[in-house]
Structure formats: C-alpha cells, structure tokens
Amino acid sequence: MRKNSVWKLFVVILVIAVFAFLAGNELKKDNVRTGIDIRGGVSAILEPDIAEGSLTDEEITKGLQSAKVILDKRLESRQIYDKSVTIDAVNKRITVEIPWAPGETNFNPQETISELGKTALLTFQEVDTDKIDAKGDFLPTGRIVLQGTQVKDANPGRDPKTNEWVVLLDLDPSGSEAFAEATGRLVGQYIAIFMDDEFISAPRVSQRIEGGSAVITGQADAVEAGQLASTIRSGSLPFRLVATKVDSISPQLGQGAMNVAVTAGIVGFILVCLFMLILYRLPGLLADIGLFALAVLTILSVAWTGISITLPGIGGIILAVGMGVDANCVIFERIKEELRDGKTLRASVDQGFHRAFAAVVDSNVTTMITAVVLYALGSGPIKGFAMTLAIGVAISFVTAVTATKIMLQSVTSVEIAKNKWLYGVK
Amino acid sequence: MKDFDLIKHQKKFFIISAVIILIGIVFYFINGVNLDVQFSGGTRILIETNGEIDAPKAEAVVEQAIGKSATAQTQKTNNPSEESKTIYMLRLDIASSETLTDEELNTVINTVTENFDVKEGGNVEVVSVEPSIGQETLGNGLKATLIASVLIILYVTWRFSSMHGFAASITALVALVHDILVVFTMYTVFQLPLGEVFISAILTIIGYSLNDTIIIYDRIRENSKLMKKSTLDEIVNTSIKQSLTRTVNTAATTLLTVATLYIFAAVNNISSLMEFALPLMVGFIAGVYSTVFIASQLWLMWRKSTMRRNLKSA
C-alpha cells in the first residue's frame, strides 16, 4: 500500500497560490503589456534630417528602406514585436507605430521615439588632449580608428576584474586589423568611444590589442549595457530621423478589442474547466487546477519578460492551452482504459501517465522546434507568436503533466478518492 | 461501433478534401485574394473629426462603400499646453495595390462625412503607405517554415522509426499543407482580408494540426509493437478507434474556446477578432479531419505499397 502522500497535493496547491498572488500583483500594477493591435499606442512620423539637395531622391528612398530594416531590429531587440514601420515613399518619411509601455496611458512618448531616430553610429576616435568639453570629456576629432560597421557582434558582459558592466565587441577582419594597428600606435594614449558624437568612454591603451575584440566600459547596469549592445548590433541608420509628429492611436483591432478578448478569455477558460470536470470528474478537477496554474504562470512570464500580448500572441496562448488540455485528455483516457482492463487505481494512474508520456513529449517537442525556429528566423508578428508559444508550451508541459501527475498520485492515496466513479469508469 | 472501418471509405475522404481544395483554387483564379493593407500597402486617409468616433463602425461603412478592405483607427494629437486643442482624426487605411482613384477617394470622404461627426473645414490628408509586412518578413517566415519542416521530418523520422518514421513525417506534413489549403479556400471563397490576422491564425492551426497528428501516430507506433499479428489496416483502425474519445474531447474543448471568442467578437462587432476566430474553427476541424482521414490513411497507403514492392522484389 502506498504511503499517504496527500500533503503533496497541498504543497502543489500552495505553490500555485503563491504564483497566483504574484500574478495578481503584476495585474494590479498593470505590468502585463498588451500590444498595439489590442490596446493602441503611439504613431510617429519620422523624417530624414538631411540638408536639402544633399542626397538624390533615389538615395533617400534607398536610405529609408535600409532604415526600416534597422528600426524593425531596434524595436525587436527591445521586445517590441507588435510595431509597424512603414515607408511613405511619396513624402519621403517613415511612420513608426509602437504600443504603450506597461502602465502608461497618456505619456509623452517623445523620448522613445527620438531615441529610435538616432543614427547610432559607433566610432572609436583618436583624441586631442586639449579638446575637451566642460565636463572634461573628450570631444570628437573625426580621426576615426574603428566604426560600428566593422563590428560583427556586440554583447553585454561584466569585467571580471572590476565587476563593472561592459559591452564586448567582436570585430570583423578589417576591424581587427584597424584596431590592432591603432592600439599599437597609440600605446599610453586615450581612444575615445562615441555614439553619434556623444561621448561614452575613453579607455587608455595599455598595449597593442590583437584578436579582434574590444570592450566599451562605463556602463551603469545590465540594462544600459544590454541596450547599447543591441543598438550596436542593429546597425546604424543612413541618416538621423527626426520625429515631426507624434499621435496616439486607437487599437487596430477596434476599440473594444481588449475587453472582448479578456472577457472571452475568462469565459472560455471557465467553459473549458467545466468541460474537463464533467468529462473526467476528479482528474478533471485536478486538470483544472493545472490549467489555472498555466494561466497564472503565463501572466507572470509575460509580465516579467516584458513582451506584449498581441493577436499572434493570443494564438500562441490558445495553442499552448489547447495542447495542455489535450495532454490531459490523452492521459486520462489512458487511465480509463487501464481501469477498464481491471487494473487497480494506483497501477492505472501510473500506467496511464507512463503510456501517454511519449505522445505528449513528442507533440511538445515538435511544437517547441517550430517555435524556436520561428523565433530565431522570423520577424514581426511571427516572432511574437513564437515567443508566447514557446513559453506557453514549456509551462503547459509542467502544469498538465508534472503538476497533474503529482496531484493525482497524491489524491489516489486517500481512501474516499478511490471510488472508480470519480474517474469516469463504472 | 462494430464495423469501424475507415479504410473502406478512404477514397471518399480524399475526394472530399480534394473538392474543398479545388474550390479554393477555382475561387482564387476567379476572385484572387483580398490582401490586407499590411501586405499590399495602400492609401491612408486622415479625416479630422469632432471628438472620437466609432472606428469599427467607420471601417464597416467604408468597406461597404468601396468594396475594399479597410482598417479604421482613431488618432489624437495632444497639445500639452492647451488641452482644448486636441486634434481628433479618423484614420482609414485602405488596401489596394494601385492608388485609389479620385472617385473612390470622394466616395470614402463623402460616406464618412454623411455618417459621422466630421469637423467642418477640418483637415483631410491622403498619403500612400507601403506594406508594413514586407517581402522581408514573408521571406523570413517562409525560410523559417522550411527549416522547421526539415527539423520536424528529422525528429519524427527518428522518434517514430518503429512505424517507418520517414513515411510518418511526410504524411504528417501533407496533412498540414492540407489544413492550410482548406483555410485558404475559406479566404478565397469569402474574400476575407489576408493580413496579419491570417498569419496568426495559420500559425496556430499548423501547431494544432501537428499536435493532433503526433498523438494518433503515437498510438499507431505503440500498436505496431503490440499487435504484431494484425494487418496494417487493423492497426490503423484500432489506433484511431482507441483515441477517438480523446480526439473528440480535445476538439470539442478547443472549438468551445474559439467559438466563445467568435461569439463575443460578433456581439461586440469586432470584425478583426471574428476574422481570427473563424479560420481557427475551420482550421481546427480540418486539423482533426486531416489526422484521421488524410495523414493516417496516406501513411497506410505508403506502407502497403512499399511492402508490395518489397514482396515483388523478394
């Protein structure tokens, strides 16, 4: 006879309750970001900041096209997948639309937008020790040692000695060569690093640096280092873009879209729970607890990762919930089959999980493969879908299989829960 | 269910699917597809209004007036110094590969003026918009899909080796293509706008269908080991029959959720969410259908023909 392990059930429920409390907090603080399609956001018109006649029409159009690609990348590197960047070829400008940040309803988005329009041209320049500004920082001299286009990759990291946040640069062959030459020539002197002529830091060269790596020091924290790295990775714009008009816009899906989606979500969730309860009785009830955990953990992961819920995202969540429910159906049907074969309850539960396991793992792995590939290679709405799907599938595997299994095994150790009627078998 | 024999009716299932897909193709050649502004680009018309107006209603009215897919949003420019100077605009994005004619433009502006509180002498602006989901996004998406397919073929071939995994993986993918085509039929027949909503729906359907097929294949894989003495026909029949309750229950639960979304969207007149929920329902049904009646049956045919060939050559 199995030891009474009913305490496990309560531990699982307690853990879920704690997560539910945390999720409730995030919701109260309005930290769950909803996308521009559902909630609306900001629309800005960006115009190239170039001297009249300095570029031909064709050059501007080409510049705008490469700017769109870079703006898309910059926004995605900030977890904003639900943006739209469109070129207005006639008026030679770009319209950027981004969602509200969490908690914001009517803020001044000028900052985000002007941040976005920066060319983000990274340069390493030689310095003249007498050319400094009021703060004592070096001024750009135009004698460029290395620039952003020669950077292959940029990542945030920590300096092992000082524990300070830095950005690590991986240079391409031409960059490595230029950097080695310059550091060799300038031993004992400073090299200043600028972003769009804005001073970042100026390390002193202690020796010639070979091997194609460089470091930008002086980052305040992980966030700042991460943002600088992603800006460098996204590449620089062909020209600066200035926001000429910033408007707030209503949701693309229609004004009431968010309320409808939320209400339908809650009602749909309750219906699914009832359905599972009626179909599978006691195991159905436990599956409902698992589904509740799935909902709670999804809210938490969305709030913590800062991604926004968009229509593709909702698709991903529906799929993840559907797969969780399906996993439960597969498992519970197996348990019923075992019970009908006359096995004991305990053996049936163990066997049911055991035999359904391969099916659930295989379907989850194939879905995960799809999600990861779509995330890695896709862009825009495809990336948003892949992100929530991957998170959802991972969570639903834990809640629908692991949590439900612990709860069911724990419950079956109680005498009153041994009635086979509770499992839908006569 | 005494004579639960799906194999007998194999041909009928294929014919039903073929007919549906054919209808889609025929309608494609008659009507083409109705590309949404995110794909096709088009014209943006901004009309100044007195206060905020009902955008979904404007969308419906305009779509009816010119017979093109439109997206309506309201836009508001805040002047922080003077609250009273907030400018409200109705923003209509009308999908079209060519620029709108003056006549169409006038129709739109007149229709809006007749139905809504448009500011007299207010600003009207017309600009062109390029597709926001451009070639690059689609190209990336396609590349991603191809790579994901190859990886899935590899994984399924390996995991389902006891039921001749390569046949299993290819037939599973055929079922996916089948589901996409069925949903596509719906788009061409009803001329639903093909845009970001379509991408979301299709991706969800693909995932759902794949999951469904894998679960049934798992049963076939297991029964292939347990029922060594049975014919392939019997194995497939038994597997489908054994998992029937699960198939029905899962399909019913998911359909229930999506139907809820559809009903709420319909009651509140949110056409975009209806356009999302409807293909999902069709796609989910297609997904279940294709698992039982297409993928499993094709796998069976494939296996039988390989065995026949092996017998001949032996």
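Before any of the text, the structure's been laid out above.
A brief look at the structure comes next.

## A look at the interface of chain A and chain B
Next, step 1: The interface is formed by 72 residues belonging to chain A together with 72 residues belonging to chain B.
Next, step 2: Buried surface at the junction of chain A and chain B, summed over both partners, amounts to about 6100 Å²; 63% is from carbon and sulfur atoms.
Next, step 3: Sorting the residues of chain A by area buried against chain B places A:Val260, A:Asp362 and A:Leu377 first, and these three jointly supply 9% of that buried surface.
Next, step 4: At the junction of chain A with chain B, the criterion picks out nine salt bridges.

## Considerations on the nonpolar core
Next, step 1: Residues B:Tyr217, B:Phe276 and B:Trp299 are the most contacted members of the largest nonpolar core, which totals 131 residues.
Next, step 2: One finds A:Ala120, A:Val151, A:Leu169 and A:Ala229 within the second-largest nonpolar core, a separate group that totals 23 residues.

## Some thoughts on the environment of B:Asn237
All names here are of chain B.
Next, step 1: Considering the arrangement of structural elements, one finds asparagine 237 in helix α8 (residues 232–242).
Next, step 2: Note: C-alpha distance between asparagine 237 and phenylalanine 4 (233 residues apart in sequence) is 7.2 Å.
Next, step 3: Discounting residues that sit within four places of it in the chain, asparagine 237 has contacts with Phe4, Asp5, Leu6 and Ile7.

## Digging into the sheet that holds strand β8 (residues 165–171) of chain A
Residues and elements named next belong to chain A.
Next, step 1: Overall, antiparallel pairing links the three strands, which are arranged β7-β8-β11 in an open sheet. Unpaired on one side and paired on the other, β7 (151–158) and β11 (213–219) mark the two borders of the sheet. For this sheet, the mean angle separating the axes of adjacent strands, direction not counted, is 20 degrees.
Next, step 2: Direction of pairing for β8 relative to β11: antiparallel, over a ladder of five bridges. Bridge pairing links leucine 169 to alanine 214 in β11.
Next, step 3: Along the sheet face, helix α5 (residues 173–185) touches β8 and β11 and points at about 115 degrees away from the line of β8.
Next, step 4: Sitting on the sheet, helix α6 (residues 222–234) touches β7, β8 and β11, and the angle it makes with β7 is about 175 degrees.

## Quick look at helix α1 (residues 6–28) of chain A
Residue and element names in this part refer to chain A.
Next, step 1: When the terminal C-alpha atoms of α1 are compared, their 33 Å separation across 23 residues agrees well with the 33 Å that a helix rising 1.5 Å per residue should span.
Next, step 2: Three or more residues of α1 are buried, namely Leu9, Val12, Ile16, Ala23 and Glu26.
Next, step 3: Packed against the buried residues of α1 are α7 (257–305) and α10 (381–411).
Next, step 4: Aspartate 30, located one to two residues past α1, shows a positive phi value of around 60 degrees.

## Quick look at the side chain of B:Ser290
Residues and elements named next belong to chain B.
Next, step 1: When you line up the elements, serine 290 lands in helix α10 (residues 271–313).
Next, step 2: One polar contact links the side chain of serine 290 to the main-chain carbonyl oxygen of glycine 287, over a distance of 3.1 Å.
Next, step 3: Every residue in contact with serine 290, bar those within four places of it in the chain, is listed here: Ala175, His178, Asp179, Ser209 and Ala295.

## Overview of the side chain of B:Gln38
All names here are of chain B.
Next, step 1: With respect to the helices and strands, the residue glutamine 38 is situated in helix α2 (residues 37–40).
Next, step 2: Of note is the side chain of glutamine 38, whose polar atom sits 3.0 Å from the backbone nitrogen of glutamate 196.
Next, step 3: Setting aside anything within four residues of it in sequence, one finds glutamine 38 in contact with Pro131, Ser132, Ile133, Gly195 and Glu196.

## Describing the sheet that holds strand β4 (residues 87–95) of chain B
Next, step 1: Strand order in the open sheet formed by eight strands is β3(A)-β4(A)-β2(A)-β12(A)-β3(B)-β4(B)-β2(B)-β5(B), and the pairing between neighbours is antiparallel. Each edge of the open sheet carries a strand with a single partner, namely β3 (84–88) of chain A together with β5 (124–129) of chain B. If you compare each strand with its neighbour and ignore which way they point, the axes differ by 30 degrees on average.
Next, step 2: Relative to β5(B), strand β2 (residues 42–49) of chain B runs antiparallel, the two sharing six bridges. Residue pairing in the sheet places B:Leu46 in a bridge with B:Glu125 of β5(B).

## Considerations on the pairing of strand β2 (residues 41–48) of chain A
All names here are of chain A.
Next, step 1: Of all the eight residues making up β2, seven are buried; the element is thus mostly covered by neighbouring parts of the structure.
Next, step 2: Pairing analysis gives six bridges linking β2 to strand β4 (residues 93–99), with the strands arranged antiparallel. Residue pairing for β4: leucine 46 is matched across the bridge by isoleucine 94.
Next, step 3: Here β2 runs beside strand β12 (residues 241–249); their pairing, made up of eight bridges, is antiparallel. Its bridge partner lying in β12, valine 42 is registered against serine 248.

## Describing a nonpolar patch on the surface
Next, step 1: Nonpolar side chains collect at one region of the surface, where A:Val262, A:Ile266, A:Ile270, A:Leu271, A:Leu274, A:Leu277, A:Ile278 and A:Leu285 lie side by side and expose about 690 Å² of accessible area between them.
Next, step 2: Looking at A:Leu271, the relative accessible area reads 31%, which means it is partly exposed.

## A closer look at the pattern of salt bridges
Next, step 1: What the rule picks out here adds up to 26 salt bridges over all chains.
Next, step 2: Salt-bridge contacts for A:Glu97 lead to B:Arg91; the nearest nitrogen and oxygen are separated by 2.6 Å. In this pair, A:Glu97 is assigned in strand β4 and B:Arg91 in strand β4, connecting two distinct chains.
Next, step 3: The buried category is assigned to A:Glu97, whose relative accessible area is 2%.
Next, step 4: B:Arg219 is paired through a salt bridge with A:Glu337; the nearest N and O atoms lie 2.7 Å apart. On the criterion of chain membership, the pair formed by B:Arg219 in helix α7 (residues 196–226) and A:Glu337 in helix α8 (residues 311–340) is interchain, its members lying in two chains.
Next, step 5: Owing to a relative accessible area of 7%, B:Arg219 belongs among the buried residues under this scheme.
Next, step 6: Counted as one network, the salt bridges with shared partners bring together A:Glu126, A:Asp128, A:Arg143, A:Glu181 and A:Arg185.

So, how was this worked out
- Residues numbered from 1 in each chain as written.
- Chains lettered and ligands numbered in written order.
- Predicted model: local features only at pLDDT ≥ 70, side-chain atom pairs only at ≥ 80, totals over all residues.
- Heavy atoms only, no water.
- Contact = heavy atoms within 4.5 Å.
- Buried area = accessible area lost by both parts, 1.4 Å probe.
- Salt bridge = Lys/Arg side-chain N within 4 Å of Asp/Glu carboxyl O.
- Core = buried A, V, L, I, M, F, W, Y, C linked by side-chain atoms within 4.5 Å.
- Buried < 20%, exposed > 50% of the residue type's maximum accessible area, 1.4 Å probe, protein only.
- Helix = DSSP H or I, 4+ residues; strand = E, 2+ residues; numbered from the N terminus.
- Pairing = 2+ DSSP bridges.
- Axes fitted to C-alpha atoms, helices over the stretch in contact; angles between N-to-C directions.
- Expected span 1.5 Å × (residues − 1).
- Polar contact = N/O pair within 3.5 Å; in protein donor to acceptor, adjacent residues only side chain to side chain.
- Patch = residues over 30% accessible without salt bridge, like charges linked within 9 Å, V, L, I, M, F, W, Y side chains within 5 Å.
- Areas by Shrake-Rupley, 256 points an atom, 1.4 Å probe, with all protein chains shown as cover.

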